[in-house]
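Chain by chain, the residues:
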Amino acid sequence: MLLVALVAFAVAWWLGLYLLARDTTDAALRRAALGLVAYALALAFAPFDGNIADATGYVLAGLPALIWTGVLLALLPAGHRWRGPAERAWRWGVLPLGTAELVAAAVVGGAWEPLTAALVLAPLVAALVLLLRQRVLGGLRRGAVVLVSVLFVLGAALLLVPLEVLPVSVVMAGVGVDLAVLGVVLAVSNALEAGESVAADLRRSAAGATIAAVVFGGQVGLVAFGADDTDELRPLAFGVVGAAIGVVTLASPLQGIIDRLVFTGRPELRAERADLRDAADALPRRDQRQVLADLDDDGFTRLVRDALRNYGDLGKLVSSPLIALPAIDTRLQRPDHTDHALERATELKALLLESIERLRPRDQEFGTSEEWRYYNALYFPYVAGIRPYRRQPDLSGLDETSRRAFDWLRRYVPERTLYNWQNAAARVVALDLRSRDT
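Just so it is clear, the structure is predicted and the values come from calculations on it, not from any experiment. (Residues numbered from 1 in each chain as written. Predicted model: local features only at pLDDT ≥ 70, side-chain atom pairs only at ≥ 80, totals over all residues. Heavy atoms only, no water.)

A.B. asks: Run through the overall build of the chain, naming residues and quoting values.
C.D. replies: Helix and strand counts for the chain come out as 18 helices and zero strands. Looking at the chain as a whole, 46% of its 438 residues qualify as buried. Within the chain, contacts between residues separated by at least 24 positions form 66% of all contacts whose residues are at least 6 apart in sequence. Accessible surface computed for the chain: about 22,100 Å², of which carbon and sulfur atoms make up 60%. (Helix = DSSP H or I, 4+ residues; strand = E, 2+ residues; numbered from the N terminus. Buried < 20%, exposed > 50% of the residue type's maximum accessible area, 1.4 Å probe, protein only. Contact = heavy atoms within 4.5 Å. Areas by Shrake-Rupley, 256 points an atom, 1.4 Å probe, with all protein chains shown as cover.)

Given below as structure tokens:
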């Protein structure tokens, strides 16, 4: 049974790390990744012998239910009136209190288990009901999320309150399938919203993780084949397979850490290497079938909004369908340009900046009147890189104008208002980009 547990662990561990590396800015994707990682660790601490191994395994097995509540809340529309309060309640109430309840139930057991299941699963059911009342995702993807969530609630209940209706091994396997399906659905949704393709990138990552797991895990398997007691090799097997999959799946972030350690005094080299890695990672995500001319105004504006959000990340821009704009084709016909993905991303960045500059009034260097709001909403957060709503913002390297804009946004512009301005400004930029193609 060690092999079954190891395979289930490998799949959950890989998919969790893949989702985490794919887009750390997407709350739903990030939380789904954490749920998969927690489930994988639960498998490592709880062998498929019919029992949760210890308190640690019980807590880790219950954490995905708490995290799934946060996933469903993150799927609510950004402007939903209940999303903000529900997010705060989940982050500061449900998650810490639910974790404490899981720890108490793991230590005491018995009568604590039904109470724990009720406290952990009630917020999940409430979030599911709230999500059902909203039209989020597409019809098929929305149905998949709802169906998998219902099955997950049932599986989590059987896991937290062992009633011996089904073997724990079967319940754990069912919970793992639910988590994996949800992770894939969210990855597809994330890719569609960004105008990207997920299939090729998912296959590439899965193939690399599989090869690493077989090569390194197989060596442990050869040792286990001749051992009398394989339980002693269990920590080694999970550790080796987990480390091998982690190194392959998180290769780019790890390379970035190594570069910061080795090339401490060469920031330009680190930046160039990071751009090349990001571009290489983004190429499999490009959707070659996306035809910009076939998109309606809302679809095109969504792509522009996403490109503006990733203005400072050439790797993200490489995967944007906007690099196929006819205006970029025209620019690349110049003798000093080559038709390369990074070159297209650079030209897209220049086009976006030109469109943003067209929103800027000409009468002064900086203003806060109504005619300045679209320019301020795009230029300073995306081009200048200021983050006015962070608790400890980094103001180093900002010029005087950017500092004045930071102070104005932080004092007088609520975060929600800035978000609305950015959406409206993105529509103006989208119209400007499309007018260049006519």
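The rest of the description comes next.
A.B. asks: Just give me the short version of the pattern of salt bridges, but keep the residues and values in it.
C.D. replies: For the structure on display, the rule yields 15 salt bridges. In this structure, Asp201 and Arg285 form a salt bridge, with 3.2 Å as the shortest nitrogen-oxygen distance. Of this pair, Asp201 sits in helix H8 (residues 199-225) while Arg285 sits in the loop between helix H11 (267-282) and helix H12 (297-309), and the two are 84 residues apart along the sequence. The class of Asp201 is buried, set by a relative accessible area of 0%. Take Arg285: its relative accessible area is 12%, and that puts it in the buried class. Close ionic contact of Arg331 with Glu347 constitutes a salt bridge, the shortest N to O distance being 3.3 Å. Here Arg331 is found in helix H14 (residues 326-331), whereas its partner Glu347 is found in helix H15 (residues 341-357), with 16 residues between them in sequence. A residue is classified by how much of its surface remains accessible, and Glu347, at 6% relative accessible area, is buried. Salt bridges sharing partners connect three or more residues here, namely Arg22, Asp201, Arg204 and Arg285. (Salt bridge = Lys/Arg side-chain N within 4 Å of Asp/Glu carboxyl O.)

A.B. asks: Describe the nonpolar core, with residues and values.
C.D. replies: With 76 residues, the main nonpolar core has Phe9, Leu19, Trp68, Leu72, Phe152, Leu186 and Ile245 as its most contacted residues. Excluding its chain neighbours within four sequence positions, the residues that come into contact with Leu19 are Leu29, Ala32, Ala33, Leu36, Gly183 and Ala187. Within the second largest apolar cluster, 48 residues are counted, among which are Phe300, Leu322, Tyr375 and Phe380. (Core = buried A, V, L, I, M, F, W, Y, C linked by side-chain atoms within 4.5 Å.)

A.B. asks: Any chance you could break down helix H9 (residues 234-249) for me, citing the residues and the numbers?
C.D. replies: Helix length check: H9, at 16 residues, gives a terminal C-alpha distance of 22 Å against a target of 22 Å (1.5 Å per residue), a fit within 8%. For H9, every residue scored as buried is listed here: Arg234, Ala237, Phe238, Val241, Gly242, Ala244, Ile245, Gly246 and Thr249. (Expected span 1.5 Å × (residues − 1).)

A.B. asks: Quick one: what's the story with the environment of Pro64, residue by residue and with numbers?
C.D. replies: As for its placement among the helices and strands, Pro64 is situated in helix H3 (residues 55-74). Judged by relative accessible area, which is 1%, Pro64 ranks as buried. Put simply, Pro64 and Ala38 are 26 residues apart on the chain and 6.4 Å apart in space, counted from C-alpha to C-alpha. In contact with Pro64, not counting residues within four places along its chain, are Gly35, Ala38, Tyr39, Phe152 and Leu179.

A.B. asks: An account of the confidence of the model for the chain is requested, with residue identities and associated values reported.
C.D. replies: Of all residues in the chain, 88% attain a pLDDT of 70 or more, and the chain-wide mean is 81. Between residues 48-53, whose pLDDT stays under 50, and residues either more than four places distant or in other chains, the model counts 16 contacts. (pLDDT = per-residue confidence, 0-100.)

A.B. asks: Would you mind going over the packing of H12 against helix H18 (residues 415-435) in detail, with residue names and values included?
C.D. replies: Orientation of H12 relative to H18, taken along the N-to-C sense of each, is 110°, at an axis distance of 8 Å. The angle between H12 and H18 falls in the class roughly perpendicular. As H12 runs across H18, the sense of the crossing is right-handed. Taken together, the residues of H18 that come into contact with H12 (itself represented by Asp297, Phe300, Thr301, Val304, Arg305 and Leu308) are Tyr419, Gln422, Asn423, Ala426, Arg427, Val429, Ala430, Leu433 and Arg434. The class makeup of the residues in the contact of H12 with H18 is eight nonpolar, three polar and four charged. (Axes fitted to C-alpha atoms, helices over the stretch in contact; angles between N-to-C directions. Parallel < 35°, antiparallel > 145°, perpendicular 65-115°, else oblique. Left-handed = near helix turned anticlockwise from the far one by under 90°. Nonpolar A, V, L, I, M, F, W, Y, C, P; charged D, E, K, R; others polar.)

A.B. asks: Account for the packing of aromatic side chains, with residues named and values stated.
C.D. replies: Centre distance and the angle of the planes are the two values used to describe a pair of aromatic rings. With the rule as written, the count across this model stands at eleven aromatic pairs. Aromatic pair Tyr375 and Tyr379: ring centres 5.2 Å apart, planes at 10°, arrangement stacked. Pair noted here: Tyr375 and Tyr379 are both in helix H16 (residues 373-383), with a separation of four residues, about one helical turn. Taken together through their ring pairs, the aromatic side chains of Phe366, Trp372, Tyr375, Tyr379, Phe380, Trp408 and Trp421 make up a single cluster. Taking the ring centre of Tyr311 as reference, the NZ or CZ of Lys349 above it sits at 5.2 Å. A cation over an aromatic ring shows up here: Arg434 above the ring of Phe300, its NZ or CZ 4.4 Å from the ring centre. (Phe/Tyr/Trp six-rings, centres within 6.5 Å; stacked < 30°, edge-to-face > 60°. Lys NZ or Arg CZ within 6 Å of the ring centre and 35° of its normal.)

A.B. asks: Hey, could you go over the environment of Leu36 for me, with residue numbers and the actual values?
C.D. replies: Note that Leu36 resides in helix H2 (residues 27-45). By relative accessible area, Leu36 is classed as buried at 1%. Linking Leu36 and Ile67, residues 31 residues apart in sequence, is a C-alpha distance of 9.5 Å. Ignoring anything within four residues of it in the chain, the contact list for Leu36 reads Ala12, Leu15, Gly16, Leu19, Leu179 and Ala180.

A.B. asks: Lay out the environment of Arg360 with the relevant residues and their values.
C.D. replies: Looking at the secondary structure, you find Arg360 in the loop between H15 and H16. On a C-alpha basis, the gap between Arg360 and Arg373 in space is 9.1 Å, while along the polypeptide they are 13 residues apart. Excluding its chain neighbours within four sequence positions, the residues that come into contact with Arg360 are Glu365, Trp372 and Tyr375.

A.B. asks: Any chance you could break down the packing of H15 against H18 for me, citing the residues and the numbers?
C.D. replies: Contact pair H15 / H18: the axes reach a minimum separation of 10 Å and the direction vectors enclose 115°. For the pair H15 and H18, the sense of crossing is right-handed. Taking contact as the criterion, the partners of Leu351, Leu352 and Ser355 in H15 are, on H18, Val429, Asp432 and Leu433. Here the contact of H15 with H18 is built from residues that sort into four nonpolar, one polar and one charged.

A.B. asks: Got a sec to walk through the side chain of Thr69? Specific residues and values, please.
C.D. replies: Mapped onto the elements of the fold, Thr69 is located in helix H3. Relative accessible area serves as the criterion here: at 2%, Thr69 is assigned to the buried category.

A.B. asks: Outline H16, supporting the account with residue identities and numerical values.
C.D. replies: Tyr375, Asn376, Ala377, Leu378, Phe380, Pro381 and Tyr382 are the residues of H16 that are buried. Buried residues along H16 sit in contact with H12, H15, helix H17 (400-412) and H18.

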